[in-house]
Amino acid sequence: MEKPSNLLLKLSRRLFENPDKQEQFVDSLMNPQPFNPAIIWCQNQPNLSPFSVESSINWQPDFVQRLSLTEKPGKHPLHQQGDFYCLDFSSVFEATVLLMIPPSVGLVFDMCASPGGKSIFAWKALQPNLLICNEVIGKRLGMLISNLKRCQVSPCTVVSRDSSIFTEQIPLSSDLVIVDAPCTGQSLVAKGEKAPGCFHPTAINKSANRQKRILANSAQLVAPQGYLAYMTCTYSPEENEQVCQWFMSRFPDFKPVTVSYLGEYQSHLTDIPCYRLFPQYRLGAGGFTVLWKNTREGQRKKVNLDTLPPVWRNGKD
C-alpha cells in the first residue's frame with residue numbers, strides 16, 4: 001500500500017492536534033471513497049424526484065438534492081434538457097453562505113466562474129437582475145457557456161478579463177462578488193483524482209499570492225453594503241484562513257458574516273467566522289467558505305455593459 005507523503009502528514013498535523021483526526025484525514029485522501037452526487041434543480045423541481053434522494057442536511061437549500069451513491073444524474077435525460085446541474089456536495093456547502101444575503105439583489109459578479117456551479121447556485125438562490133460570469137482562462141469558457149446555456153440561466157453575461165480590469169470599469173457596482181478562487185485543489189485527491197504538487201509549499205504560496213491579488217481586485221467591485229464571498233476546494237491554511245487574515249487587514253470595511261447554520265463547521269484554526277468541510281465527514285471532498293459584508297455607506301454605481309464586451313449573453317440586461 002502506498003504511504004502518505006511527508007507533506008501530507010505535515011499538513012494533517014497542522015490541521016488537527018488530535019492524532020485520530022489526523023489519521024482520519026490522511027486515510028480519506030489515501031483511500032478515496034465515492035461521494036454522493038448532488039444536483040441543483042434549475043427549472044421547476046418535479047414533485048416526485050426521478051432519483052433516490054438522501055435526507056437533507058440542515059444547511060441544504062430546498063433546490064438542491066443529495067442523491068444515493070448508485071445514481072448517475074449526468075446520464076439522465078433531464079440533465080441534457082437543463083433541468084438540473086450536477087456538482088460536488090462540497091460546492092453546495094461553500095455556496096450556502098450566499099443564503100445569508102437578503103433578497104432584491106441587483107448584480108451578482110462571479111470572478112472565477114467556470115464551470116458555472118457557483119454562478120448557477122447564486123442565480124437560483126438570489127434571482128439577481130443580472131449575473132455576470134467572468135472566466136479569464138480561454139479554454140474554460142466553452143464549458144461555462146455550455147452549462148449556463150443548457151440550464152437556461154438568464155439574464156446572464158459572460159466576459160473574459162483579468163480581475164484588475166474590472167476595478168477600473170465597474171467599481172462599487174456589485175451586490176455580490178463571488179471568488180471561487182483558483183487553488184492547489186487538494187480536495188481532488190479525496191476524489192481519487194490527480195493534483196500533482198498540490199501539497200508542496202511552492203505551489204501553495206504561489207496559489208495564495210494569486211488568491212490575494214484576485215480577492216483585492218474583487219473587493220473593489222463590491223457596492224456599499226454589498227457582499228464578497230471567498231471559497232476554495234483546498235485544505236492549506238495559507239490558502240484559506242491566512243488569506244482571510246491578510247484581506248481583513250487591508251480591507252477593514254469588510255466584516256465577516258456569521259453563518260449560524262454552519263456553526264458546527266467553524267474553522268478551529270481562527271476566530272474569523274469561516275467554515276470548513278473535510279473529506280472524512282463523508283459529505284464531500286472538502287471546501288472552505290467565508291462571506292464578508294462591505295460596511296461602507298454610499299450608492300451602488302451603475303454598470304455600463306458597453307465597457308464589458310461579452311463573450312456570450314443570454315436574456316435582457
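Residues numbered from 1 in each chain as written. Predicted model: local features only at pLDDT ≥ 70, side-chain atom pairs only at ≥ 80, totals over all residues. Heavy atoms only, no water.

Caption draft 1: A look at the UniProt feature "binding site: S-adenosyl-L-methionine" (unreviewed entry) in the protein. In the numbering used here, UniProt assigns the "binding site: S-adenosyl-L-methionine" (unreviewed entry) feature to E135, D162 and D180. Among the secondary structure elements, E135 is positioned in the loop between β5 (130–134) and α6 (141–150). Contacts of E135, omitting those with residues within four sequence positions, involve M111, C112, A113, S114, R140, L141, L144, V159 and S160. Turning to its location among the elements, D180 is positioned in strand β7 (residues 174–180). Its relative accessible area of 21% is what places D180 among the partly exposed residues. Apart from residues lying up to four places away in sequence, D180 is in contact with E94, C112, K118, M231 and T232. Polar contacts involving the side chain of D180 include one to the side chain of K118, which spans 3.0 Å. (UniProt positions renumbered as here; feature names shortened; annotations may be inferred. Helix = DSSP H or I, 4+ residues; strand = E, 2+ residues; numbered from the N terminus. Contact = heavy atoms within 4.5 Å. Buried < 20%, exposed > 50% of the residue type's maximum accessible area, 1.4 Å probe, protein only. Polar contact = N/O pair within 3.5 Å; in protein donor to acceptor, adjacent residues only side chain to side chain.)

Caption draft 2: Representation of the packing of helix α9 (residues 201–219) against helix α10 (residues 241–250) within the structure. Two elements in contact, α9 and α10, have axes separated by 10 Å at closest approach and are oriented at 40°. With respect to α10, the axis of α9 lies oblique. Here the hand of the crossing between α9 and α10 comes out right-handed. From α9, A208, Q211, K212, L215, A216 and A219 reach across to α10, where they touch V243, W246 and F247. Along the lines of polarity and charge, the residues of the contact of α9 with α10 split into seven nonpolar, one polar and one charged. (Axes fitted to C-alpha atoms, helices over the stretch in contact; angles between N-to-C directions. Parallel < 35°, antiparallel > 145°, perpendicular 65-115°, else oblique. Left-handed = near helix turned anticlockwise from the far one by under 90°. Nonpolar A, V, L, I, M, F, W, Y, C, P; charged D, E, K, R; others polar.)

Caption draft 3: Here's a closer look at the environment of P279. For P279, the location among the structural elements is in the loop between β10 (275–277) and β11 (287–294). Taking the relative accessible area as the measure of exposure, P279 reaches 0% and is therefore buried. Expressed as a C-alpha distance, the spacing of P279 and Q65, which sit 214 residues apart in the sequence, is 19 Å. The residues contacting P279, other than those within four sequence positions of it, are F25, S28, L29, F35, A190, Y235, G284 and A285.

Caption draft 4: Fine view of unusual backbone geometry. At the junction of S114 and P115, the peptide bond is cis and its omega measures out at 10° in the coordinates. Between S154 and P155 the backbone carries a cis peptide bond, its omega angle lying at -5°. Secondary-structure assignment places P155 in the loop between α6 and β6 (156–159). With phi around 60°, Q152 is a residue other than glycine that occupies positive phi space. Note on placement: Q152 falls in the loop between α6 and β6. Take Q152: its relative accessible area is 43%, and that puts it in the partly exposed class.

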